[in-house]
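Residue-level listing of the chains:
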Amino acid sequence: MPLQPERREAQRLQALHQYNILDTPAEDFFDDIVLLAALMCSTPIALITLVDSTRQWFKAKIGMQAIQTAREISVCQYALAHPDNVLVISDVTRDARFTDNPLVHDTPYMRFYAGAPLVTAEREVLGTLCIIDSRARTLSRTKQKILQVLARRVVAALDTRSEIASLQILSTTDALTGLHNRRAFNAIFTAKFSSAKCAGEPLSLILCDIDHFKQFNDTLGHPAGDRLLQFVSAALRRCARGTDDVTRLGGDEFAIILPNTGCDVAWQIANRLRQAMLAQFEGELAATISIGVADLQPGMENETTLFSEADRALYEAKRQGRDSVATEC
């Protein structure tokens, strides 16, 4: 049974948004596509348009100053219902749908329009590769096919772009917990340290690990150990703020980077985390953590020094008997 129009449109918009392409900077490949379309079809304007809920946004454009228009005046929206064909309107002034359209009566003074739908493998139409002219004209079958080929190249490039982004996320994400992994931590920590040092802003680092985790694993088994790591990760997320970066460094070791945060606040967050562990984990998953806190100090040359200070504090917490917070601030 076919989907209702509202559900059909919601599904189409979901597919569009999954590409994370809207409002991204210009990219050479897409710019080259619109240039080819304009040259091959001899039109002054060519666009890659992505039709969102209330607007059409131009990923690439030639001959047009605007970066988007309201969807209600979009000609491309009418191509969404025809995924297999190029929508060709030889003279829009003869089409009642565009009688009051400002794109016809003002810049770019549209007369001719042709749009090849951007169709995904799941048959969702994201928008069009379209060409526009200020004079009425026609478009040969051959050039329509060329436009469709270029439109398919646009979708293929969007797919590749999306796949690369997914691989980048996977390469910086810990599979078990969903937190940043050590690779992501190194990049984020270096950037946050440099930014804080240059701006003269505070920066703190929390390091923690699970007390007697090896014994926990040996006694209850690795599946129970994995569940504990996931529970600890969830607790870290809850205790951290939206601006903080939470990482699983490896094994049972975790880190929280706290930008624009001094040692006092970092200490409070660390203690809140330790208490959350005591309150939340009971029975099989009963566990405690040791936490070290350090902050950026004058004279620290690089992030390695800050990490070493937090690591020293973590070992002090363990020396104190574990289930504690120590600081090198």
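Before any of the text, the structure's been laid out above.
Below, the structure is looked at part by part.

1. Some thoughts on helix 1 (residues 5–18)
Taking 1.5 Å of rise per residue, the 14 residues of helix 1 would be expected to cover 20 Å, and the 20 Å separating its terminal C-alpha atoms lies within 8% of that figure. Of all the residues in helix 1, the buried ones are Arg-12, Leu-13, Ala-15 and Leu-16. One side of helix 1 holds all its buried residues, which, seen down the axis, span an arc of 155°. Away from its buried face, by an angle of more than 90 degrees, helix 1 presents the exposed residues Glu-6, Arg-7 and Gln-18. Of the surrounding secondary structure, the elements contacted by the buried residues of helix 1 are strand 1 (45–51) and strand 6 (125–133). Looking one or two residues beyond helix 1, the residue adopting positive phi is Asn-20, at roughly 50°.

2. A short note on the packing of helix 6 (residues 213–220) against helix 7 (residues 222–239)
In contact at an axis separation of 7 Å, helix 6 and helix 7 are set at 135° when each is read in the N-to-C sense. Considering the angle they form, helix 6 stands oblique to helix 7. On helix 7, the residues that touch Phe-213, Phe-216, Asn-217 and Leu-220 of helix 6 are His-222, Ala-224, Gly-225, Leu-228 and Leu-229. When its residues are assigned to classes, the contact of helix 6 with helix 7 shows six nonpolar, three polar and no charged.

3. Comments concerning the nonpolar core
Membership of the largest hydrophobic core comes to 32 residues, with the highest contact counts inside it found for Ile-48, Leu-50, Leu-118, Leu-126, Leu-129, Ile-131 and Leu-147. Elements represented by at least two residues in this core include exactly helix 1, helix 2 (28–41), strand 1, strand 2 (55–62), strand 5 (112–119), strand 6 and helix 4 (141–171). Leu-129 has contacts with Ile-33, Val-34, Ala-37, Leu-47, Ile-48, Ala-114, Gly-115, Ala-116, Leu-118, Leu-147, Leu-150 and Ala-151, leaving out every residue within four places of it along the chain. If you look at the next biggest cluster of nonpolar residues, it comprises 29 residues, including Val-232, Cys-263, Ala-287 and Ile-289.

4. Considering the packing of aromatic side chains
What the rule picks out here adds up to five aromatic pairs. Centre to centre, the rings of Phe-29 and Phe-30 are 5.5 Å apart; their planes meet at 85°, and the pair counts as edge-to-face. Considering the side-chain rings of Tyr-78 and Phe-98, the 5.5 Å spacing of their centres and the 90° angle between planes classify their relative orientation as edge-to-face. Residue Tyr-78 is found in the loop between strand 3 (68–70) and strand 4 (87–89), and its partner Phe-98 is found in the loop between strand 4 and helix 3 (102–105); the two are separated by 20 residues along the sequence. According to the relative accessible area criterion, Phe-98 is buried, its value standing at 2%. Put simply, the rings of Phe-185, Phe-189 and Phe-307 pair up and form one aromatic cluster. The ring of Tyr-78 has Arg-97 sitting right over it, with the charged end atom 4.6 Å from the ring centre. The ring of Tyr-315 is capped by Lys-318, whose NZ or CZ atom sits 4.9 Å from the centre of that ring.

5. Focus on the sheet that holds strand 6
Either a parallel or an antiparallel arrangement is found when strands of a sheet pair, and the pairing is made through backbone hydrogen bonds. On the basis of which strands lie adjacent, the open sheet formed by six strands has the order 3-2-1-6-5-4 and antiparallel pairing. In this open sheet, the two edge strands, each paired with only one partner strand, are strand 3 and strand 4. Looking at each pair of strands side by side, their axes are set apart by 25° on average, direction ignored. Across the sheet, helix 2 touches strand 1, strand 2 and strand 6, and the angle it forms with strand 2 is around 75°.

6. Focus: the sheet that holds strand 11 (residues 325–327)
Read from one edge of the open sheet, five strands run 8-9-7-10-11, paired in mixed fashion. Either end of the sheet is taken by a strand with one partner, and the two such strands are strand 8 (245–250) and strand 11. Shown here is a sheet whose adjacent strand axes are inclined to one another by a mean of 20°, direction ignored. Examined bridge by bridge, strand 7 (residues 203–210) and strand 9 (residues 253–259) share seven bridges and lie antiparallel to one another. For Leu-207, the partnering residue across the bridge sits in strand 9 and is Ala-255. Sheet strands in contact with helix 5 (residues 182–199) are strand 7, strand 8 and strand 9, and its direction is about 135° off that of strand 8. Along the sheet face, helix 9 (residues 303–319) touches strand 7, strand 8, strand 10 (289–295) and strand 11 and points at about 145° away from the line of strand 10.

Conventions adopted
- Residues numbered from 1 in each chain as written.
- Predicted model: local features only at pLDDT ≥ 70, side-chain atom pairs only at ≥ 80, totals over all residues.
- Heavy atoms only, no water.
- Helix = DSSP H or I, 4+ residues; strand = E, 2+ residues; numbered from the N terminus.
- Expected span 1.5 Å × (residues − 1).
- Buried < 20%, exposed > 50% of the residue type's maximum accessible area, 1.4 Å probe, protein only.
- Arc of directions from axis to C-beta.
- Contact = heavy atoms within 4.5 Å.
- Axes fitted to C-alpha atoms, helices over the stretch in contact; angles between N-to-C directions.
- Parallel < 35°, antiparallel > 145°, perpendicular 65-115°, else oblique.
- Nonpolar A, V, L, I, M, F, W, Y, C, P; charged D, E, K, R; others polar.
- Core = buried A, V, L, I, M, F, W, Y, C linked by side-chain atoms within 4.5 Å.
- Phe/Tyr/Trp six-rings, centres within 6.5 Å; stacked < 30°, edge-to-face > 60°.
- Lys NZ or Arg CZ within 6 Å of the ring centre and 35° of its normal.
- Pairing = 2+ DSSP bridges.

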